[in-house]
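# A look at the structure
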Amino acid sequence: MPEIVPDKEIINAAHLRIAPYVHRTGIVTSAFLNTLTNAELFFKPENLQKIGAFKARGGVNAILSLTEGQLKNGVATHSSGNHAQAIAYAAAMVRAKAYIVMPENSPKVKIEAVLGYGAEVTFCINTPEEREQAVGKIIEQTGAEFIHPFNDYRVIAGQATAAKELIEDCGMKLDSIIAPVGGGGLLSGTALAARYFSPDTKVYAGEPEGAADAVLSFRSDKIEKAPFVKTIADGLLTHLGSKTFPIIKKGVEDILLVTDEDIIQAMRYLWERMKLVVEPSGAVALAAVLKNRALFDGKKVGIVITGGNVDLGRLPF
């Protein structure tokens, strides 16, 4: 696995590599939300991406970066859902076996999608330790190539292409870009994209109060675990990685906490006002902007909507 932090050349190469297999999602806006925030908001709707989430970008880039020898025994990963779908989708694309470890409480819609791509799913208790232990056993048994959900430079380079497109397609210089943070694959990719393609643009993150490890890590200058984990944003429950954290520390302005109530309100606005099917994790960035209106007042702000894989029978409103 390459151990080079993605630079401009690597991100451009990743973008070209994945282009035939992912959507270049457009830019959407809302006059209502612009008025509400007194800002110009430019949304990157990755809920409309292949597999319903930005994770397709990193998963496809990682799979297409593997040699035939690395693919011969299949690929393995652990994920609460969206990275699992990305790896299952990309593996099917190159006719490789995919072994996926998923938490037993993963949303049904995500489990069904992973199975639909032909992956073999193993369930575990929803802790990072249980996930890693389960996938370790599979790799030992099968010899599959492991693709980490976020702590992998191939994945980070793929995720960087979302912000790269946002910068290129919005038609004006952005003052800020904000993305949610879980393990930090998207956020570190966003920070790198801003550095290389719009260096004056500040990068922020939104994080649930019920999974507040990244903000603690950001402030203590070392990777921390969340003091407690309880949030509706099921896609953001993991902690930062050794590869994502240094990039985030260097390239992110601040990490903004939001409550589940904030997330649900943002979700409601996206569903009702913009007619976008967005999962809780996908609404976290907007929730952070709504909660910190003074910070973004009068600014041009790019917002990454990360995914739309939500169980319709379990909506919070």
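Refer to the structure printed above.
Computed from a prediction, not measured in an experiment: that's the story for all the values here.

## Remarks on the packing of aromatic side chains
In total, this model carries 4 aromatic pairs according to the counting rule given. Between tyrosine 204 and phenylalanine 296, the ring centres sit 5.3 Å apart and the planes meet at 75°, which makes this aromatic pair edge-to-face. In this pair, tyrosine 204 sits in strand E7 (residues 202–208) while phenylalanine 296 sits in helix H14 (residues 293–296), placing the two residues 92 residues apart along the sequence. Residues tyrosine 204 and phenylalanine 296 agree in their burial class; the two are buried. The ring of phenylalanine 197 carries lysine 164 above its face, with NZ or CZ at 5.3 Å from the centroid.

## Here we look at the pattern of salt bridges
Tallying each qualifying case throughout the model produces 19 salt bridges. A salt bridge links glutamate 3 to lysine 243, with the shortest nitrogen-to-oxygen separation between them at 3.6 Å. Of this pair, glutamate 3 sits in the segment before helix H1 (8–18) while lysine 243 is found in the loop between helix H10 (213–220) and helix H11 (244–251), placing the two residues 240 residues apart along the sequence. Judged by its relative accessible area of 12%, lysine 243 falls in the buried class.

## Here we look at H10
Within H10, burial applies to Asp213, Ala214, Val215, Ser217 and Phe218. Each element contacted by the buried residues of H10 is listed here: E7, H11 and strand E8 (254–258).

## Here's the deal with the sheet that holds E7
Pairing in this open sheet of 5 strands is parallel, and the strands run E1-E9-E6-E7-E8 from one edge to the other. One side of each edge strand has no neighbouring strand; the edge strands of this open sheet are strand E1 (40–45) and E8. Shown here is a sheet whose adjacent strand axes are inclined to one another by a mean of 25°, direction ignored. Sheet topology note: the strand E6 (residues 176–180)/E7 ladder contains 5 bridges and is parallel. Along E7, the bridge assignment pairs isoleucine 177 with valine 203. The sheet strands contacting helix H8 (residues 153–169) are E1, E6 and strand E9 (300–305), and the helix crosses E1 at an angle near 135°.

## So, the side chain of serine 79
Mapped onto the fold, serine 79 is located in the loop between strand E2 (75–78) and helix H5 (82–93). At 2.9 Å, the side chain of serine 79 and the backbone nitrogen of glycine 81 are in polar contact. Once you skip the residues sitting within four places of it in the chain, serine 79 turns out to touch Ala84, Val101, Met102, Pro103 and Arg131.

## Focus on the nonpolar core
If you look at the biggest cluster of nonpolar residues, it comprises 34 residues, and the most contacted ones within it are Ile177, Val181, Leu187, Val252 and Ile255. Of all elements in the fold, only H8, E6, helix H9 (185–197), E7, H10 and H11 reach the threshold of two or more residues within this core. It is H9 that contributes the most residues to this core, 7 residues altogether. Each residue touching isoleucine 177, except ones within four places of it in the same chain, is listed here: Ala163, Leu166, Ile167, Thr190, Thr201, Lys202, Val203, Tyr204, Gly302 and Val304.

## Brief notes about unusual backbone geometry
For asparagine 38, which is not a glycine, the phi torsion comes out positive at approximately 50°. Mapped onto the elements of the fold, asparagine 38 is located in the loop between helix H2 (31–37) and E1. Notably, aspartate 221 is not glycine yet its phi reads approximately 70°, a positive angle. When you line up the elements, aspartate 221 lands in the loop between H10 and H11.

## Remarks on the pairing of E7
By the criterion of burial, E7 is predominantly enclosed, with 6 of the 7 residues buried. Between the parallel pair E6 and E7, the chain is carried across by H9, and the sense of this crossover is right-handed. Looking at chain direction, E7 and E8 are connected through 5 bridges and run parallel. Within E8, the position partnered with proline 208 by the bridge is valine 258.

## So, the side chain of lysine 55
Position of lysine 55 relative to the elements: it lies in helix H3 (residues 55–64). Glutamate 279 provides the closest opposite charge to the buried, salt-bridge-free lysine 55, at an N-O distance of 9.8 Å. When near neighbours in sequence (up to four residues on either side) are disregarded, lysine 55 contacts Asn82, His83, Ala86, Pro149 and Gln159.

## Observations regarding the sheet that holds strand E4 (residues 120–124)
Pairing in this open sheet of 4 strands is parallel, and the strands run E4-E3-E2-E5 from one edge to the other. Looking at strand neighbours, the two that pair on one side only are E4 and strand E5 (145–146), the edges of this open sheet. Inspection of the sheet shows E2 paired to E5 by 2 bridges, in the parallel sense. Residue pairing in the sheet places valine 75 in a bridge with glutamate 145 of E5.

Calculation notes
Residues numbered from 1 in each chain as written. Predicted model: local features only at pLDDT ≥ 70, side-chain atom pairs only at ≥ 80, totals over all residues. Heavy atoms only, no water. Phe/Tyr/Trp six-rings, centres within 6.5 Å; stacked < 30°, edge-to-face > 60°. Helix = DSSP H or I, 4+ residues; strand = E, 2+ residues; numbered from the N terminus. Buried < 20%, exposed > 50% of the residue type's maximum accessible area, 1.4 Å probe, protein only. Lys NZ or Arg CZ within 6 Å of the ring centre and 35° of its normal. Salt bridge = Lys/Arg side-chain N within 4 Å of Asp/Glu carboxyl O. Contact = heavy atoms within 4.5 Å. Pairing = 2+ DSSP bridges. Axes fitted to C-alpha atoms, helices over the stretch in contact; angles between N-to-C directions. Polar contact = N/O pair within 3.5 Å; in protein donor to acceptor, adjacent residues only side chain to side chain. Core = buried A, V, L, I, M, F, W, Y, C linked by side-chain atoms within 4.5 Å. Right-handed = clockwise from strand over helix to strand, strands pointing away. Lys, Arg positive; Asp, Glu negative; His and termini not counted.

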